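Residue-level structure breakdown
Next come the chains, spelled out residue by residue.
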Amino acid sequence: MNIVVCIKQVPDSTHIRVHPVTNTIMRQGVPAVINPYDLFAIEAALQIRDTHGGKVTVITMGPPPAAVALRKALAYGCDEAVLITDKIFSGADTLATSYVLASAIATLGKEQPVDLVFTGKQTIDGDTAQVGPGIAKRLNLELLTYVSKIVAVNREAGKIQVERRAEGGVQLLETRLPALITMLEGTNEIRFGSAPDMFRAARAEIRTWDRESAGIEDLKKVGLKGSPTVVSRVFGPTPRAEKAQQIAFDPAAPQAATDALLEKVLAEIPKVGKELERHKVEAGAGANHE
Amino acid sequence: MSNAKTDKPIKKRKVKLEGDLLNYKGVWVLVESERGHVHPVSWELMGQGRLLADQLGVELCGVVMGAPGPELQAQCEAAFAYGADRCYRVASPVLADYRNVPYTQALTDLVNQFKPEIMLLGATTLGRDLAGSVATTLKTGLTADCTELAIDPEDRCLLSTRPTFGGSLLCTIVTLNYRPQMATVRHRVMPMPEAQPERSGLIVDVDPHLVETDVITKILDFVPDDQSGKPQLPYAEMIVSGGKGLGKAENFKLVWDLAKTLGAEVGASRAAIHAGWIAADRQVGQTGKTVRPALYIAAGISGAIQHRVGMEASDCIIAINNDPSAPIFDFAHYAIVGDCVQVLPALRKTFAAYLGKP
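Criteria and thresholds
- Residues numbered from 1 in each chain as written.
- Chains lettered and ligands numbered in written order.
- Predicted model: local features only at pLDDT ≥ 70, side-chain atom pairs only at ≥ 80, totals over all residues.
- Heavy atoms only, no water.
- Helix = DSSP H or I, 4+ residues; strand = E, 2+ residues; numbered from the N terminus.
- Rg over C-alpha atoms; globule rule 2.2 N^0.38 Å.
- Buried < 20%, exposed > 50% of the residue type's maximum accessible area, 1.4 Å probe, protein only.
- Contact = heavy atoms within 4.5 Å.
- Areas by Shrake-Rupley, 256 points an atom, 1.4 Å probe, with all protein chains shown as cover.
- Salt bridge = Lys/Arg side-chain N within 4 Å of Asp/Glu carboxyl O.
- Domains from an automatic or database assignment.
- Pairing = 2+ DSSP bridges.
- Axes fitted to C-alpha atoms, helices over the stretch in contact; angles between N-to-C directions.
- Buried area = accessible area lost by both parts, 1.4 Å probe.
- Polar contact = N/O pair within 3.5 Å; in protein donor to acceptor, adjacent residues only side chain to side chain.
- Expected span 1.5 Å × (residues − 1).
- Right-handed = clockwise from strand over helix to strand, strands pointing away.

**Thoughts on the overall build of chain A**
- Counting its secondary structure elements, chain A contains seven helices and 15 strands.
- Rg of the C-alpha trace for chain A: 25 Å, well past the compact-globule value of 19 Å for 290 residues, more than 25% over.
- Its C-alpha atoms put chain A at 75 × 55 × 40 Å along the principal axes.
- Looking at chain A as a whole, 51% of its 290 residues are labelled buried.
- The contacts of chain A with a sequence gap of at least 6 include a subset with a gap of at least 24, amounting to 70%.
- Total accessible area on chain A stands at roughly 13,600 Å², and carbon and sulfur atoms take up 54% of it.

Below, the structure written as structure tokens:
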């Protein structure tokens, strides 16, 4: 099996802070990590390789420091890594990003046909879930999104069975390879890399591809120029027009404050009173059955 | 972007539609159904689509796809009741259950034939799978998980607003010289419009020319979820949520206690989930559930945008936090600055006395 996993290096969102005065993102000192959703894709790919043989190539599009994320993926046990980096790729939205990644996967496919492509469900910084479907469409791969379980892989027949999370239930799907799978979170646990893998990762040479080596055919489709969407405004949240009513709280008499609060709420927002009344009735009715 | 000043337009790029793009007219909403059941997000979008179509002075159209039968007729009639002027009915046995390839092909062909300027889909597993694919085959812009949709009066462009940077800021995204402009919206973000059963409209039947033998992916089985014992946050009318401000996992019990007295659902912020204090299916916010209860009590939740967009449509928000500068006080209706460990038990007693409970 020749498997490609697409990952993204993202700022660790739990560390992102917004400057209280200027409303700008404070990026200094925010650690970068592999998008947490991608770890489930990496582990799923490694498990298939371990059972069926072959190799796992991890790729990312990003600035040169994204090589750190690739090295981390090698330490988990991925076999090869390709960094796709070029100044003209910057400012890409999901359509332009999927074009670059699809081109690179097609280029890898010239060395050896690709059987499976994995991505995470979405990234934690963009949260769009659009790049996986975009790559699948561009490469004409069967698309399996929100996969919760790889049920069976039949290498000889070129078939795969998966469970896919749908609205209100789980689909059991069977399709032919090559396919693209976006892996659902919580479906496996990323392994600790073995000591040999960690040593190999530290020394490994990471292939770096620019527009030419990635096989980009149409430069108008990449970066800001190739992106149909434009961010027209970034802004902080606006406070509600009316300020929140402060309820004075004295730890010595806590219930005085909460009684006052309920009185205010009941007087000012009738819908809450109605809801509580309904609950009173329901609770009373329920008590009769006990 | 690292120094992007906010609250100012980054740049105003002119929209210059040329040639065939000028022919794209009308607002479309995908009526999402699985096994005959329409996802309510579709009707929420129909209500929002009605506003956009009226502002643009164009038709609102529903797209109804599935196996031929009376269900599709009923879905078209429901679409009219919720505001559609016209429905495109795409019927084929191949579309009986959702699969990416036939749905993508049918919707792509439909857009190319009838050319809408705006197309809205629910941000469900189906909607995101389909929207991401169709935006690629159409080579157009798509904005995911929008919390606000509006029309720019100057150039008639769709302004799609969504949280960004992991939910710490908001951004407005426009699709310049490509059509249609596509967006997905999560369930419960937009209000449910009232159905007007007397409304009717025009049904346009379209044959998608799909053949089952051309479709590689097969559905072998479908196992419906067991909903018993699962949190029903989206439709709860009262919710008590806890965040990192509770201090430690044990204090989350105070949230459960208050919820039990109220008969309320229990929610949580992303930080509380990440801390492992409560199960992930309780998360309220951009990456969790969107809720619209009558009463929302936020205990120890700071109120980052990530959380705010998931609950700010609540009729009454009571915020408890010992940090007087917490952003949640900017949009709560009632504020108690104090320690949750002291406030929550008092609040429970107050409600218990009112409800005549122990």
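**Considering the pattern of salt bridges**
Residue and element names in this part refer to chain A.
- According to the stated counting rule, one finds 31 salt bridges over all chains in the structure shown.
- The closest approach of N and O atoms between Glu80 and Lys55, which form a salt bridge, is 3.4 Å. Of the two residues, Glu80 sits in strand β7 (residues 80-84) while Lys55 sits in strand β6 (residues 55-61), which places them 25 residues apart along the sequence.
- Of the residues examined, Lys55 reaches a relative accessible area of 21% and is grouped as partly exposed.
- In this structure, Lys159 and Glu174 form a salt bridge, with 3.9 Å as the shortest nitrogen-oxygen distance. Residue Lys159 is located in strand β10 (residues 159-166), and its partner Glu174 is located in strand β11 (residues 169-176); the two are separated by 15 residues in the primary sequence.
- Overall, Lys159 belongs to the partly exposed group, its relative accessible area being 36%.
- Taken together, the salt bridges that share partners define one network made up of Glu43, Arg49, Asp50, Asp79 and Arg191.

**Quick look at the environment of Ala78(B)**
Residue and element names in this part refer to chain B.
- Within the secondary structure, Ala78 is located in helix α2 (residues 70-81).
- The exposure class assigned to Ala78 is partly exposed, which follows from its relative accessible area of 23%.
- A sequence separation of 122 residues divides Ala78 from Ser200, and the C-alpha atoms of the two residues are 9.1 Å apart.

**Quick look at the domain arrangement of chain A**
- Splitting chain A by domain gives domain 1 (2-221) and domain 2 (254-289).
- Between the C-alpha centres of domain 1 of chain A and domain 2 of chain A the distance comes to 50 Å.

**A word on the sheet that holds strand β1 (residues 2-6) of chain A**
- Pairing in this open sheet of ten strands is mixed, and the strands run β13(A)-β7(A)-β6(A)-β1(A)-β8(A)-β12(A)-β9(A)-β10(A)-β11(A)-β14(B) from one edge to the other. If you trace the sheet from one side to the other, it starts and ends with β13 (207-209) of chain A together with β14 (218-224) of chain B, each paired once. Pairs of neighbouring strands in the sheet enclose a mean axial angle of 30 degrees, with direction left out of account.
- Judged from the three bridges that link them, β1(A) and strand β8 (residues 116-120) of chain A form a sheet pairing that is parallel. Following the sheet pairing, Val4(A) is matched in β8(A) by Val117(A).

**Overview of the interface of chain B and chain A**
- Taken together, the contact between chain B and chain A spans 95 residues of the former and 82 residues of the latter.
- Summing the contributions of chain B and of chain A, the shared interface buries around 8,200 Å²; its carbon and sulfur component is 59%.
- Across the contact surface, chain B and chain A share three salt bridges.
- The partner of Arg164(A) in a salt bridge is Asp129(B), with the nearest N and O atoms 3.7 Å apart.
- Between the two partners, chain B and chain A, sit 34 residue pairs in polar contact (both at pLDDT 80 or more).

**Quick notes on helix α1 (residues 36-52) of chain A**
All names here are of chain A.
- For α1, built from 17 residues, the straight-helix expectation of 24 Å at 1.5 Å per residue is met to within 8% by its first-to-last C-alpha distance of 25 Å.
- Counting buried positions along α1 yields twelve of 17 residues, so the element is predominantly enclosed.
- Turning to α1, its buried residues are Tyr37, Asp38, Leu39, Phe40, Ala41, Ile42, Glu43, Ala44, Ala45, Leu46, Ile48 and Arg49.

**With respect to the sheet that holds strand β17 (residues 295-299) of chain B**
- On the basis of which strands lie adjacent, the open sheet formed by six strands has the order β15(A)-β19(B)-β18(B)-β17(B)-β15(B)-β16(B) and parallel pairing. In this open sheet, the two edge strands, each paired with only one partner strand, are β15 (245-246) of chain A together with β16 (265-268) of chain B.
- Here strand β18 (residues 316-321) of chain B runs beside strand β19 (residues 334-337) of chain B; their pairing, made up of four bridges, is parallel. Following the sheet pairing, Ile318(B) is matched in β19(B) by Tyr334(B).
- Where helix α5 (residues 252-262) of chain B meets the sheet, it contacts β15 (238-242), β16 and β17 of chain B, and its direction lies at approximately 175 degrees from that of β15(B).

**Focus: the pairing of β15(B)**
Residues and elements named next belong to chain B.
- In terms of burial, β15 is largely enclosed, as five of its five residues are buried.
- Where burial is concerned, the two faces of β15 agree: the one with Met238, Val240 and Gly242 and the one with Ile239 and Ser241 are both buried.
- With five bridges joining them, β15 and β17 adopt parallel strand pairing. Across the sheet, residue Ser241 finds its bridge partner in β17, namely Ala298.
- As paired strands, β15 and β16 are joined by four bridges and run parallel to one another. Counterpart to Val240 in the pairing with β16 is Val266.
- Taking the sense of rotation as the criterion, the β-α-β connection linking β15, α5 and β16 turns out right-handed.

**A word on the domain arrangement of chain B**
Residue and element names in this part refer to chain B.
- When cut into domains, chain B gives domain 1 (19-214) and domain 2 (233-355).
- Look at where the C-alpha atoms of domain 1 and domain 2 centre, and you get two points 34 Å apart.
- Contacts between domain 1 and domain 2 engage 16 residues on the former and 13 residues on the latter.
- Each partner contributes to the roughly 1,200 Å² buried at the junction of domain 1 and domain 2, and carbon and sulfur atoms together form 46% of this total.
- A per-residue breakdown of the area domain 1 buries against domain 2 is headed by Gly167, Arg186 and Arg188, which together make up 49% of the total.
- Applying the counting criterion to the domain 1 and domain 2 interface returns eight residue pairs in polar contact (both at pLDDT 80 or more).

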